[in-house]
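# Coordinate analysis (summary)
Single-letter residue listing:
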Amino acid sequence: MARTIEVQPISGALGAEIVGVDLAGELSNEAFDAVHRAFLDHHVIFFRDQNNLTPEKHKAFGRRFGTLNVHPYVKGMDGHPEILEIIKEPEEKTNFGGGWHTDMSFLEEPALGSILHAIEVPPCGGDTLWANQHMAYDALSDGLKQTLGGLTAIHSAKGEYGPKGQSAHNRQSMDTTMAPDAPEFEHPVVRTHPETGRKGLYVNPAFTMHFKGWTRRESRPLLNYLFEHCRQEQFTCRFRWEAGSVAFWDNRSTWHFALNDYQGHRRHMRRVTVNGDRPF
Ligand code: SIN
């Protein structure tokens, strides 16, 4: 008999826990539709107790939503190049994803979503936060919405994966390539979600360099204003991981931030990233 799927929101802004789905099992079309609907409605969805999710099953779930990304600067898991092993060892100081960002906005066709599976978690700490970028957009004045609607931003991995970037310093447990000459791509500052039609802000502190036609110096004050605005508490949710938990977030409508507050403990996650399309 089909299990009933429950969707339980975890905050007023975004995020819902899905109960009654075994991601390692056969997901019927009906169950897939319910998960897909919850993903679009809540922007990040969570599943507990997915301890049987093997790398193959993890990838198979991701492929229901699109093709899978092979990260250009971080080596994937042995035998599974589409899986990023996000590991922080007890003695390491920096973590992967420890700043507000949206995944892969430095590509011409950035990620649709990311599916993160917790393998080993610290006894406490290591939570992840998400911020709803539709809400951030909706909260702006009509005047600023109009101005931003006419702007394009330049995104690149060259800062974050350059010599001073945080991601470049994750070399101990993650095999990262430096990319000081990474290409630049243009994306609209206000993006329309291709599935829901909702508008949202699409700039982020990790990968947005400047506005097209503006210098970096000219861009900085407005970008800084947006970076502060977009991460306000009322737009966020926070998830406490257990081994076996899975989070699946929409990179077209959210930012996320991996907290680095578990010094002396190991944290090990596996991420599958689903490719998206060109923002408009
Ligand atoms: C990421 O940015 O993909 C990592 C998130 C996390 O480890 O919580």
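Data block above holds the structure.
So, a few notes on the structure that sits alongside this text. Small disclaimer: the values here were computed from a predicted structure and weren't measured. (Residues numbered from 1 in each chain as written. Predicted model: local features only at pLDDT ≥ 70, side-chain atom pairs only at ≥ 80, totals over all residues. Heavy atoms only, no water.)

This brings us to the overall build of the chain. Helix and strand counts for the chain come out as five helices and 15 strands. In terms of C-alpha radius of gyration, the chain reaches 18 Å, essentially the compact-globule figure of 19 Å for 280 residues. Overall size of the chain, expressed as C-alpha extent along the three principal axes, is 55 × 40 × 30 Å. Relative to its full complement of 280 residues, the chain shows a buried share of 55%. Within the chain, contacts between residues at least 6 apart in sequence are counted, and of these 81% link residues at least 24 apart. With the model as given, the accessible surface of the chain reaches about 12,300 Å², and the carbon-plus-sulfur share is 49%. One way to put it: in the chain the 30 positive side-chain charges average out to a point 4 Å from where the 35 negative ones average out. (Helix = DSSP H or I, 4+ residues; strand = E, 2+ residues; numbered from the N terminus. Rg over C-alpha atoms; globule rule 2.2 N^0.38 Å. Buried < 20%, exposed > 50% of the residue type's maximum accessible area, 1.4 Å probe, protein only. Contact = heavy atoms within 4.5 Å. Areas by Shrake-Rupley, 256 points an atom, 1.4 Å probe, with all protein chains shown as cover. Lys, Arg positive; Asp, Glu negative; His and termini not counted. Charge placed at Lys NZ, Arg CZ, Asp CG, Glu CD.)

Turning next to the site of the ligand. Taken together, Ile-86, Gly-97, His-101, Leu-116, Thr-128, Trp-249, His-256, Ala-258, Arg-267 and Arg-271 make up all the residues around the ligand. Within the side chain of His-101, one N or O atom sits 3.0 Å away from an oxygen atom of the ligand. The side chain of Thr-128 places a nitrogen or oxygen atom 2.6 Å from an oxygen atom of the ligand. The protein chains hide 100% of the 260 Å² of surface that the ligand would expose on its own. Contributing elements (two or more residues each) for the shell around the ligand: strand S14 (254-258) and strand S15 (267-275). (Near = heavy atom within 4 Å. Polar contact = N/O pair within 3.5 Å; in protein donor to acceptor, adjacent residues only side chain to side chain.)

It is worth spelling out the sheet that holds S14 at this point. If you walk across this open sheet you meet the three strands as S12-S6-S14, and the pairing is antiparallel. Single-partner strands in this sheet number two, and they are strand S12 (236-239) and S14. Pairwise comparison of adjacent strand axes, ignoring direction, gives a mean angle of 20° for this sheet. Across four bridges, the pairing between strand S6 (residues 128-132) and S12 is antiparallel. Looking at the pairing, Ala-131 lines up with Thr-236 of S12. (Pairing = 2+ DSSP bridges. Axes fitted to C-alpha atoms, helices over the stretch in contact; angles between N-to-C directions.)

Sheet architecture is open: three strands sit in the order S8-S7-S11, paired in antiparallel fashion. Of all the strands in the sheet, the pair left with one neighbour each is strand S8 (184-188) and strand S11 (208-211). When the angles between neighbouring strand axes are averaged without regard to direction, this sheet yields 30°. Pairing of strand S7 (residues 152-156) with S8, which is carried by five bridges, proceeds in the antiparallel orientation. Bridge pairing in S8 places His-155 opposite Phe-185.

It is worth spelling out the pattern of salt bridges at this point. For the structure on display, the rule yields 19 salt bridges. Between Glu-89 and Arg-266 there is a salt bridge, with its nearest N and O atoms 3.0 Å apart. Here Glu-89 is found in the loop between strand S4 (83-88) and strand S5 (111-120), whereas its partner Arg-266 is found in the loop between S14 and S15, with 177 residues between them in sequence. Under the relative-accessibility criterion, Arg-266 is labelled partly exposed at 25%. Each of Glu-17, Arg-48 and Glu-242 takes part in one network of salt bridges that share partners. (Salt bridge = Lys/Arg side-chain N within 4 Å of Asp/Glu carboxyl O.)

With six of six residues buried, S4 lies mostly within the body of the structure. In this sheet, S15 lies alongside S4 in antiparallel orientation, the contact comprising six bridges. Following the sheet pairing, Leu-84 is matched in S15 by Arg-271.

The end-to-end C-alpha distance of helix H5 (residues 216-230) is 20 Å, a good match for the 21 Å that 15 residues give at a rise of 1.5 Å each. Its maximal kink placed at Leu-222, H5 deviates by approximately 30°. Three or more residues of H5 are buried, namely Ser-219, Leu-222, Leu-223, Leu-226, Phe-227, His-229 and Cys-230. Residues of H5 that are buried make contact with S6, helix H3 (133-138), helix H4 (142-149), strand S10 (199-201), S11 and S14. (Expected span 1.5 Å × (residues − 1). Bend = angle between axes of the 7 residues up to and from the residue.)

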